[in-house]
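Next come the chains, spelled out residue by residue.
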Amino acid sequence: MAGRFFPAALMARRNLTRTKMRSLLASLGIVIGVVAIASLGMFGVALQYSFTQNLGDVGNQLTVYPNSGENVTELTERDIRAIRREASATATVAPVMTRVEPVSYNRDDPVRETIYGVENPGELYEAQEGRVSPFRTGALVGSSVAEEHDLHPGSQLTVNGTNVRVQAVLEEGEPFSSTNPDNRVIMSTNSFSQRGYSEVYVIESTGTAANETAMGIRNSLNEREERVFVQELGSLVDTIEQQFQIINTVLAGIASISLLVAGISILNVMLMSTVERREEIGVLRAVGYQKRDVLKVMLMEATLLGFLGGIAGVVLSIGAGLAINHYAVGDAMAVFRLPNAWYVGAAFTFGVLTSIVSGLYPAWKAASEEPVDALRG
């Protein structure tokens, strides 16, 4: 029954098994090409995922700076009120002062550090040790500063000659967040003599709300002159993801070269097979096989080489993807995310198509052979 419906497939399988080693080597090229494309694609996806995980949930954050290019050196209380009006009711708006002072840790030699002044740090930070609020005196230090200088609640710093007691060590922040306190010393705004602000943090509930707030701030404060510059971390995340997509495309393009080499190998195998089986093809034509029947058998051989090589490549690619995701992102099962499935599917499809295209000329050459000439050969 199978022979009635799939005679070309059965004949193609028989022909390939007659030269097992040659067929295996030709199919091996497809295996390597599929693994190269799929693995490099999954490697790029794993890198992108790992990087965006490190970015954390910062797409809903804005930072507003004075535009020094227009000689605006600080943000005034009027600017802060305008920013609060443009922000949503649920947003966190935190004005920040900065100054550079000599700071001595544990009576070591003083080093110049940027001191941050935050009025209500409890809106932005949580304490790893100690208490963040109420906060009127003393200092809050980031986890990296505390670890480097062995600081704990109750430890003392000397800031510009004045002893300051550490009130709390802050929890670690998101690495790419503008509010990240890990390397900061934070003091109350009451200790600052200046009246203006160096920057303002705005944290919205969603990235969409952050984008709308950014547009509102620009329209309100930059109507007459470019007073402020608004940095949207959501835009930074989008830009990074776009760059990774370009990198992934380039990696897949480089890997596809191996499939082209595999295609040449299949072309060579099919041409050799055509020459060796010239008399056999002549007999088939003599007993009634049409050109399309010979063409079908030859193309089926190329398709089988590509299909079997593609299947083996997919299996090996999934194994490679499990290892890549285990070591890159700590989650081997991440290999089954949709982008990875796309790369595996694209590699398999490209492998089969490469085999078919490589078999077109040998198949056409075999089918075009005149029966008398083929038998004479």
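The text that follows walks through the structure, step by step, so that each part is easy to find.

Each value, and the rule that gives it
- Residues numbered from 1 in each chain as written.
- Predicted model: local features only at pLDDT ≥ 70, side-chain atom pairs only at ≥ 80, totals over all residues.
- Heavy atoms only, no water.
- Helix = DSSP H or I, 4+ residues; strand = E, 2+ residues; numbered from the N terminus.
- Buried < 20%, exposed > 50% of the residue type's maximum accessible area, 1.4 Å probe, protein only.
- Contact = heavy atoms within 4.5 Å.
- Areas by Shrake-Rupley, 256 points an atom, 1.4 Å probe, with all protein chains shown as cover.
- Pairing = 2+ DSSP bridges.
- Phe/Tyr/Trp six-rings, centres within 6.5 Å; stacked < 30°, edge-to-face > 60°.
- Lys NZ or Arg CZ within 6 Å of the ring centre and 35° of its normal.
- Core = buried A, V, L, I, M, F, W, Y, C linked by side-chain atoms within 4.5 Å.
- Polar contact = N/O pair within 3.5 Å; in protein donor to acceptor, adjacent residues only side chain to side chain.
- Salt bridge = Lys/Arg side-chain N within 4 Å of Asp/Glu carboxyl O.

1. Regarding the overall build of the protein chain
When you go through the protein chain residue by residue, the secondary structure sums to eleven helices and ten strands. In the protein chain, which comprises 377 residues, the share counted as buried stands at 44%. Relative to all contacts within the protein chain whose residues are 6 or more apart in sequence, the contacts with residues 24 or more apart total 77%. With an accessible surface of roughly 20000 Å², the protein chain has 56% of that area assigned to carbon and sulfur atoms.

2. Some thoughts on the pairing of strand E2 (residues 92-105)
A large share of E2 lies buried, amounting to eleven of its 14 residues. In this sheet, strand E9 (residues 199-203) lies alongside E2 in antiparallel orientation, the contact comprising five bridges. Bridge pairing in E9 links Thr 92 to Ile 203. The pairing of E2 with strand E3 (residues 111-118) spans eight bridges and is classified as antiparallel. Bridging from a neighbouring strand, Arg 99 pairs with Ile 115 of E3. Taking the residues between adjacent antiparallel strands as the criterion, E2 and E3 are bridged by five residues, where Asn 106 takes a positive phi near 50 degrees. Examined bridge by bridge, E2 and strand E6 (residues 156-159) share three bridges and lie antiparallel to one another. Note on E6: the bridge partner recorded for Tyr 105 is Leu 157.

3. Describing the packing of aromatic side chains
Applying the stated criterion to the full structure yields three aromatic pairs. Arranged with centres 5.8 Å apart and planes meeting at 75 degrees, the rings of Phe 307 and Phe 348 form a pair that is edge-to-face. With Phe 307 in helix H9 (residues 291-329) and Phe 348 in helix H10 (residues 338-367), the pair connects residues that are 41 residues apart, well separated along the chain. Measuring from centroid to centroid gives 5.2 Å for Trp 342 and Tyr 343, while their planes differ by 85 degrees, and the two rings are edge-to-face. According to the relative accessible area criterion, Tyr 343 is buried, its value standing at 10%. A cation over an aromatic ring shows up here: Arg 184 above the ring of Tyr 116, its NZ or CZ 4.2 Å from the ring centre.

4. What about the environment of Glu 301?
Within the secondary structure, Glu 301 is located in helix H9. Residues Glu 301 and Leu 16, spaced 285 residues apart in sequence, show a C-alpha to C-alpha distance of 6.9 Å.

5. Digging into the nonpolar core
Of all hydrophobic cores here, the largest spans 35 residues; its most connected members are Val 64, Ile 83, Val 141, Leu 157 and Val 200. Ignoring any residue separated from it by four or fewer positions in sequence, one finds Ile 83 in contact with Val 64, Val 93, Val 200, Val 202, Ile 217 and Leu 221. Leu 16, Ala 26, Val 34 and Ala 347 belong to the second largest nonpolar core, which has 22 residues in total.

6. Some points on the side chain of Arg 99
Relative to the helices and strands, Arg 99 is located in strand E2. Relative accessible area serves as the criterion here: at 18%, Arg 99 is assigned to the buried category. At 3.4 Å, the side chain of Arg 99 forms a polar contact with the backbone oxygen of Ser 191. The residues contacting Arg 99, other than those within four sequence positions of it, are Glu 113, Thr 114, Ile 115, Val 159, Met 187, Ser 191, Phe 192 and Gln 194.

7. Points about the pattern of salt bridges
Pairing between side chains of opposite charge can happen when the charged atoms of each approach one another. On inspection of all chains with the given rule, the structure shows three salt bridges. Note that Glu 101 is salt-bridged to Arg 99, the shortest N-O span being 2.8 Å. For the pair formed by Glu 101 and Arg 99, the shared burial category is buried. A network of salt bridges, in which partner residues are shared, links Asp 79, Glu 225 and Arg 227.

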